[in-house]
4 protein chains.
Amino acid sequence: MNFASDNAYGAWPEIVAAIGTAASGAVSSYGEDAITAGLRDKFSALFEREVAVFPVISGTAANALALATLTPQHGAIFCHAESHIAVDECGAPEFFTHGAKLVGLEGKDAKLTPAILESALAHYHKGFVHHVQPSCLSVTQASELGTVYTPGEIAALSSLAHAHAMNVHMDGARFANALATLDCSPAEATWRAGVDVLSFGATKNGALGAEAVIFFNPKEAGDFEYRRKKGGHLISKMRFVSAQLDAYLEGGRWLAAARRANALATRLAEGLGAVAGAEIAHPVGANAVFARLPQAMIARLRAQGAQFYDWSPPEAGRTLVRLVTSFATPQGDIEKFLMIARGG
Amino acid sequence: MNFASDNAYGAWPEIVAAIGTAASGAVSSYGEDAITAGLRDKFSALFEREVAVFPVISGTAANALALATLTPQHGAIFCHAESHIAVDECGAPEFFTHGAKLVGLEGKDAKLTPAILESALAHYHKGFVHHVQPSCLSVTQASELGTVYTPGEIAALSSLAHAHAMNVHMDGARFANALATLDCSPAEATWRAGVDVLSFGATKNGALGAEAVIFFNPKEAGDFEYRRKKGGHLISKMRFVSAQLDAYLEGGRWLAAARRANALATRLAEGLGAVAGAEIAHPVGANAVFARLPQAMIARLRAQGAQFYDWSPPEAGRTLVRLVTSFATPQGDIEKFLMIARGG
Amino acid sequence: MNFASDNAYGAWPEIVAAIGTAASGAVSSYGEDAITAGLRDKFSALFEREVAVFPVISGTAANALALATLTPQHGAIFCHAESHIAVDECGAPEFFTHGAKLVGLEGKDAKLTPAILESALAHYHKGFVHHVQPSCLSVTQASELGTVYTPGEIAALSSLAHAHAMNVHMDGARFANALATLDCSPAEATWRAGVDVLSFGATKNGALGAEAVIFFNPKEAGDFEYRRKKGGHLISKMRFVSAQLDAYLEGGRWLAAARRANALATRLAEGLGAVAGAEIAHPVGANAVFARLPQAMIARLRAQGAQFYDWSPPEAGRTLVRLVTSFATPQGDIEKFLMIARGG
Amino acid sequence: MNFASDNAYGAWPEIVAAIGTAASGAVSSYGEDAITAGLRDKFSALFEREVAVFPVISGTAANALALATLTPQHGAIFCHAESHIAVDECGAPEFFTHGAKLVGLEGKDAKLTPAILESALAHYHKGFVHHVQPSCLSVTQASELGTVYTPGEIAALSSLAHAHAMNVHMDGARFANALATLDCSPAEATWRAGVDVLSFGATKNGALGAEAVIFFNPKEAGDFEYRRKKGGHLISKMRFVSAQLDAYLEGGRWLAAARRANALATRLAEGLGAVAGAEIAHPVGANAVFARLPQAMIARLRAQGAQFYDWSPPEAGRTLVRLVTSFATPQGDIEKFLMIARGG
């Protein structure tokens with residue numbers, strides 16, 4: 001019963017098979033192959049406009065390289081205080097931007113609002129050389145707490161960001177999970193709502209290690225290619241990353257997998273919400289459930305093999321825990337977990 | 001007939017199969033899995049001493065992260081002027097070290113000698129704050145021109161480097177090819193000859209994207225783990241990189257594959273050396289042949305589908321070209337190439 | 001009536017004279033001169049222990065170079081959210097550290113407490129590679145709001161920081177002003193209270209452009225000299241910076257000047273506190289007064305030539321303003337300012 | 001008899017006096033003062049076009065900040081192998097550019113030619129992501145060996161650089177000495193010959209610590225101001241740096257001082273050239289003499305108090321030494337030096 005992370009699970013057989021298919025023969029390296037070339041068309045079709053696509057192998061690389069392309073070294077990147085880029089990347093954005101500043105903002109359910117952003121921007125004076133300059137807004141979709149922004153919410157944030165000459169980056173490590181919940185197209189969830197650059201994740205949803213940085217305005221990609229190379233992220237046998245992304249998109253498999261993970265999370269939350277002493281802490285919009293559970297229940301679950309993270313220190317006999325479901329979490333694990341939670 | 005690069009070829013079926021095997025089930029991410037843990041023992045056995053092993057996904061990442069761990073920002077890294085780190089990594093070592101300086105030295109057949117290094121060191125004054133400080137020697141094994149250092153040659157260089165308090169890094173993107181040629185153990189080729197850190201390549205010799213940074217003195221690994229994370233190179237589903245390295249070492253497959261590639265190169269060089277107008281430019285120690293070919297021969301070869309790089313501009317009717325063989329180059333391609341070269 | 005900043009005022013005649021004296025003759029450059037050599041003894045005597053002293057020409061340089069020496073690129077620097085390093089240096093610490101993270105903490109009167117630091121540290125897990133690692137605590141003395149830490153308060157913070165293997169840096173851009181208020185020796189205010197490195201400011205208190213980075217344990221200075229050079233901060237005619245520091249310390253002039261500035265601030269605060277509608281917002285511990293003044297009063301003051309900064313946006317008809325006094329602020333300006341404030 | 005460096009000498013009395021004059025009263029800090037504002041007009045007049053001027057306090061800062069503004073992190077900066085930026089700045093350009101590469105080229109008398117540059121450029125492929133991209137040419141005027149480029153020579157280099165979309169930077173730490181020798185205007189020596197940015201030195205020629213970065217096309221200054229701040233080089237009491245530059249230009253004093261230094265060097269070279277066993281190694285175009293002197297003569301000179309640097313290791317009983325004259329070198333020191341050289 002592994003609910004520790006969606007990256008605890010391996011990979012889809014179809015993605016492994018695609019790698020096997022891609023493994024034979026000689027092709028040009030460093031992304032000059034046909035599979036990589038095809039991604040541009042596929043992502044352009046998916047997003048209903050001409051996009052630039054850059055495969056990389058980790059979400060941290062996708063985010064840090066995207067942010068470095070958007071942000072000068074004297075820039076400020078506004079993000080949620082609990083966001084992955086602020087907390088879990090060991091300062092990778094600061095490293096790749098050569099010292100830009102991440103400004104972590106507080107917001108309910110790990111989401112930002114225009115009011116929060118506006119209030120933060122009031123502290124920065126345009127052209128005042130002593131202050132880092134607002135350059136980028138980064139939103140996480142789905143968020144660190146498993147919540148989801150509506151396209152309208154994103155649009156309102158983007159509009160404010162653009163009015164301050166800031167670019168908008170979306171960390172979509174779990175973009176599939178968010179989209180599976182939202183009743184909208186990929187375009188509506190992103191550039192139509194003002195997103196300039198998307199870190200499109202596949203790893204957590206069934207790839208081995210593949211993410212795509214999508215620039216909705218290809219001209220804004222600037223020197224991304226050089227940054228990727230200089231960061232050691234231009235891999236020679238690129239076809240193997242591209243083949244993962246290709247198989248990921250194939251036939252809408254990515255959304256089906258995300259729907260499955262989300263449904264498991266919803267089922268888990270419903271079940272847990274009905275257990276005495278347990279409390280769901282945030283709306284479940286994607287594939288994660290945050291719940292406050294009694295210490296005894298937590299001990300019982302772990303004793304019987306459930307793996308998950310504590311999200312904050314114990315308080316009044318309960319601890320906030322994170323339970324993540326994935327494309328491959330066995331359905332039975334949900335029921336087993338709930339049974340143990342109920343005291344069974 | 002692809003002789004452009006050894007990374008033009010895909011991957012061994014056994015490595016793809018190992019990935020498939022690793023794909024099922026849930027394990028801890030970020031390298032806390034059993035396959036990754038096992039690598040330490042396997043590499044320690046291979047090198048006959050306790051080593052620290054860090055899998056990454058590109059040779060540039062391996063080199064740049066290793067060099068950054070060994071070299072302060074005010075340091076100088078001595079290397080051959082034609083080395084990959086100096087020429088083909090778009091300044092990645094400078095980026096990861098925060099501005100250390102690569103000092104490219106000239107040397108026959110892309111190899112350095114103690115005399116060359118000593119002569120370069122004479123320009124640097126220890127403790128003179130205006131000069132970058134000699135901190136690291138990086139040698140490439142096999143070299144950019146397909147030549148190979150003997151353990152004795154490495155030992156002489158290492159000894160000089162250590163006498164100047166410099167660390168020794170070996171860029172072993174084609175370490176397998178070098179070792180297949182040398183009649184010695186991995187230990188003799190590396191730490192017994194004074195190498196401190198090795199970028200152990202697997203990608204060019206049949207992996208999808210897997211290299212291992214090996215610290216022969218684990219304590220010297222220092223903050224490598226943080227650098228890897230901060231560089232976006234700690235991938236979540238590490239088992240898939242580790243599984244490649246595991247299958248690569250399995251049963252000596254890596255050396256068998258390298259021997260095959262080397263034998264093809266030797267055959268190609270022998271054949272080409274016998275063709276009128278063609279001249280082998282450097283000793284063939286690994287899996288690359290550098291030859292001066294008449295322009296007409298080059299045109300004929302390319303017209304019939306041979307792919308390879310020009311290595312320097314035409315001179316007196318001939319061009320120096322690079323021909324690389326790999327673990328998967330078809331034997332028949334060699335004969336076909338030679339036949340066309342001969343005018344057939 | 002310039003209360004905008006203490007760096008709006010020029011320099012002491014004695015410091016200018018010292019520069020003139022130092023200007024003749026030929027001496028070794030880059031700090032190999034006698035005046036610079038003498039600083040070590042003078043600062044060691046002042047601080048009652050052997051220290052290492054590095055003159056630089058700006059407070060930002062002093063702070064950023066000191067922090068970069070203390071903090072690895074994967075480190076976290078804890079500081080007050082309103083501190084100069086966090087707000088007013090355009091990200092210089094992030095630049096010089098190659099991407100370490102500043103963690104800005106809230107605290108009353110721009111001061112930190114052990115409880116605040118402890119609470120922040122709870123979010124960082126030692127050895128957890130995804131998180132930046134707590135490496136440094138930076139306190140500002142006097143603080144951004146003109147308040148002062150007692151040696152006991154510093155000692156309590158240092159003790160906690162050291163218990164977490166963090167170094168303690170003190171930004172002493174206004175160290176003289178703080179010390180003039182505290183009834184203690186320089187040693188008691190710094191290393192006896194656990195401070196490891198001090199940015200010792202002179203510029204704001206009457207030098208032209210001179211600060212000294214003081215390492216209380218000279219061995220911890222590490223590669224500071226190389227960082228200073230690489231940052232363009234090792235100036236060739238160092239004697240001119242050192243001569244400023246020398247004249248600054250001479251005969252206790254620095255403390256006399258700070259006492260003067262502090263007394264003016266105290267007088268200003270007392271006077272302003274008695275004016276209807278005005279309110280002193282923070283304890284006046286050094287040479288700055290933060291006051292909430294009615295908009296009309298502010299307009300009147302500015303109309304008659306008073307210069308000062310708004311510190312936050314207007315609220316309920318009043319604005320928080322900052323009034324800074326200096327070594328050279330005319331006594332009469334205080335009285336004139338108060339007269340206008342009173343409506344005269 | 002100090003011929004070690006021109007920065008061994010102090011400062012002009014007039015410059016010290018200007019600092020004294022600037023020291024009184026309160027003005028806006030960080031370059032918002034009248035003296036700094038006036039520099040723009042004065043430099044614009046001097047160079048006969050509207051320029052952007054940024055005072056800094058060291059030549060390394062001027063060069064590194066200028067180069068970082070002109071060069072992306074994936075760029076290459078071409079310069080002479082013996083240039084200050086390549087050899088004597090401890091890698092500051094690499095640090096400020098975040099890892100751009102300096103390509104040091106060999107050339108007679110420390111000068112580059114179009115043929116040398118063209119030959120180097122042949123190794124770089126535009127748009128080839130593995131190679132750093134040619135972005136900047138940096139020439140040193142006067143050169144490290146005291147030679148001078150004619151405007152025509154600069155123009156030929158600039159023309160080639162611009163044809164390859166590279167900017168042209170001139171390191172003018174000794175620009176005054178070069179101009180004093182050339183029979184041309186400042187404009188002819190710089191932008192009319194294609195120079196885009198000039199590090200205009202004053203320190204070596206009699207300032208305390210003052211250099212100006214001049215952008216001949218102000219729009220190309222880009223984010224220089226933020227870089228200067230982030231590098232800790234925006235000093236608060238800027239008037240004191242600006243006052244030096246102001247007094248430096250006043251009444252052509254800078255050129256008079258340079259002419260004096262040059263004349264001393266010429267006299268020294270003439271005298272030395274006539275001494276048996278001594279040989280002038282490079283044309284004397286500015287204020288430095290490079291001479292091969294017999295070891296015995298060197299010992300005799302040093303025994304009697306002459307200070308100078310060895311420039312290369314002894315060879316055949318002689319050593320190449322550097323002798324630098326300055327605005328303040330006593331005339332008598334030349335004659336005394338020559339007398340000792342002659343064996344007196």
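Residues numbered from 1 in each chain as written. Chains lettered and ligands numbered in written order. Predicted model: local features only at pLDDT ≥ 70, side-chain atom pairs only at ≥ 80, totals over all residues. Heavy atoms only, no water.

Before going further, it helps to spend a moment on the overall build of chain A. The helix and strand tally for chain A stands at 14 helices and 11 strands. What you see for chain A is a C-alpha radius of gyration of 20 Å, in line with the 20 Å of a compact globule of 344 residues. When its C-alpha atoms are laid out on the principal axes, chain A stretches across 60 × 55 × 35 Å. Among the 344 residues that make up chain A, the fraction classed as buried is 66%. Excluding contacts between residues fewer than 6 apart, the proportion of contacts in chain A whose partners are at least 24 apart in sequence is 75%. For chain A, the accessible area works out to roughly 10900 Å², and carbon and sulfur atoms hold 54% of it. One way to put it: in chain A the 28 positive side-chain charges average out to a point 3 Å from where the 32 negative ones average out. (Helix = DSSP H or I, 4+ residues; strand = E, 2+ residues; numbered from the N terminus. Rg over C-alpha atoms; globule rule 2.2 N^0.38 Å. Buried < 20%, exposed > 50% of the residue type's maximum accessible area, 1.4 Å probe, protein only. Contact = heavy atoms within 4.5 Å. Areas by Shrake-Rupley, 256 points an atom, 1.4 Å probe, with all protein chains shown as cover. Lys, Arg positive; Asp, Glu negative; His and termini not counted. Charge placed at Lys NZ, Arg CZ, Asp CG, Glu CD.)

Mapping chain A onto chain B calls for a rotation angle of 180 degrees and an axial translation of 0.0 Å; the resulting RMSD is 0.0 Å. The superposition of one copy onto the other is thereby described by a two-fold rotation axis. Every residue of chain A has its C-alpha some distance from the rotation axis, and the shortest such distance is that of G231 of chain A, at 3.5 Å. (Least-squares fit on C-alpha atoms with pLDDT ≥ 70 in both.)

On the chain B side, the residues contacting the 21 residues of chain D number 21 residues. Of all residues in chain D, the largest losses of buried area upon contact with chain B belong to C90, F95 and K101 of chain D, amounting jointly to 32% of the total for that side. Our enumeration of links across chain D and chain B arrives at 2 salt bridges. A salt bridge links E94 of chain D to K101 of chain B; its shortest N-O distance comes to 2.7 Å. One can count 10 residue pairs in polar contact (both at pLDDT 80 or more) joining chain D with chain B. Going through the elements one at a time, helix 4 (84-87), helix 5 (92-97) and strand 3 (101-105) of chain D are the ones with two or more residues in the side of chain D that touches chain B. Residue contributions to the side of chain D that touches chain B peak at 3 residues, all from helix 4 of chain D. (Buried area = accessible area lost by both parts, 1.4 Å probe. Salt bridge = Lys/Arg side-chain N within 4 Å of Asp/Glu carboxyl O. Polar contact = N/O pair within 3.5 Å; in protein donor to acceptor, adjacent residues only side chain to side chain.)

All names here are of chain D. Mapped onto the fold, T69 is located in helix 3 (residues 59-70). With a relative accessible area of 16%, T69 lands in the buried category. At 2.9 Å, the side chain of T69 and the backbone oxygen of L65 are in polar contact. Every residue in contact with T69, bar those within four places of it in the chain, is listed here: F215, E220, A221, D223, F224 and R227.

All right, on to helix 13 (residues 295-303) of chain B then. All names here are of chain B. Among all positions of helix 13, only M297, I298 and L301 are buried. Down the axis, helix 13 shows its buried residues gathered within 100 degrees of arc, on one side only. Exposed positions of helix 13 whose direction lies more than 90 degrees from the buried face are A296 and A303. The inward-facing, buried residues of helix 13 contact strand 9 (288-294), strand 11 (318-324) and helix 14 (331-341). (Arc of directions from axis to C-beta.)

Time to look at the packing of aromatic side chains. Under the criterion given, the structure shown has 78 aromatic pairs over all chains. Taken together, a centroid distance of 6.0 Å and an interplanar angle of 55 degrees make the contact between F175 of chain D and F200 of chain D tilted. A residue pair is termed long-range when its members are at least 10 positions apart, and F175 of chain D in helix 8 (residues 175-181) and F200 of chain D in strand 6 (residues 197-201) qualify at 25 residues. For the pair shown, F175 of chain D and F200 of chain D are each scored as buried. Ring pairs connect the aromatic residues W12, F43, F47, F175, F200, F216, Y248 and W254 of chain A, which therefore count as one cluster. In this structure, K111 of chain C is placed above the aromatic ring of Y149 of chain C, and the distance from its NZ or CZ to the ring centre is 5.3 Å. Over the ring of W191 of chain D we find R49 of chain D; its NZ or CZ atom is 4.6 Å from the centre of that ring. (Phe/Tyr/Trp six-rings, centres within 6.5 Å; stacked < 30°, edge-to-face > 60°. Lys NZ or Arg CZ within 6 Å of the ring centre and 35° of its normal.)

Turning next to the side chain of T60 of chain B. Its location among the elements puts T60 of chain B in helix 3 (residues 59-70). Discounting chain neighbours no more than four positions away, the residues touching T60 of chain B are K229 and G232 of chain A together with H84, E89 and A92 of chain B.

This part covers the environment of E144 of chain C. Residue and element names in this part refer to chain C. Positionally, E144 belongs in the loop between strand 4 (133-140) and helix 7 (151-163). On the basis of relative accessibility, which here comes to 11%, the residue E144 falls in the buried class. Measuring from C-alpha to C-alpha, the distance between E144 and N287 comes to 11 Å, with 143 residues separating the pair along the chain. If we skip the residues at most four places from it in the chain, E144 touches E82, S83, H84, A110, F290 and W311. At a separation of 3.2 Å, a polar atom in the side chain of E144 contacts the main-chain amide nitrogen of H84.

In this section: the interface of chain A and chain B. Tallying the contact residues gives 44 residues for chain A and 44 residues for chain B. Carbon and sulfur atoms supply 59% of the area buried between chain A and chain B, which totals about 3600 Å² over both sides. Counting across the chain A and chain B interface gives 0 salt bridges. The set of elements that each furnish at least two residues to the side of chain A that touches chain B consists of helix 1 (13-22), helix 3 (59-70), helix 5 (92-97), helix 10 (224-230) and helix 11 (239-249) of chain A. Looking at the side of chain A that touches chain B residue by residue, the class counts come to 21 nonpolar, 16 polar and 7 charged. (Nonpolar A, V, L, I, M, F, W, Y, C, P; charged D, E, K, R; others polar.)

The full count for this structure, using the stated rule, is 48 salt bridges over all chains. Put simply, R267 of chain A and E335 of chain A hold a salt bridge, and the shortest N to O gap is 3.0 Å. Of this pair, R267 of chain A sits in helix 12 (residues 253-273) while E335 of chain A sits in helix 14 (residues 331-341), and the two are 68 residues apart along the sequence. On the accessibility criterion, R267 of chain A (29% relative accessible area) is partly exposed. On the accessibility criterion, E335 of chain A (31% relative accessible area) is partly exposed. For E279 of chain C, the salt bridge identified is with R292 of chain C, shortest N-O distance 3.7 Å. Taken together, the positions of E279 of chain C in strand 8 (residues 279-280) and R292 of chain C in strand 9 (residues 288-294) put the pair 13 residues apart, joining distant regions of the chain.

By themselves, these observations are geometric and do not establish any function.
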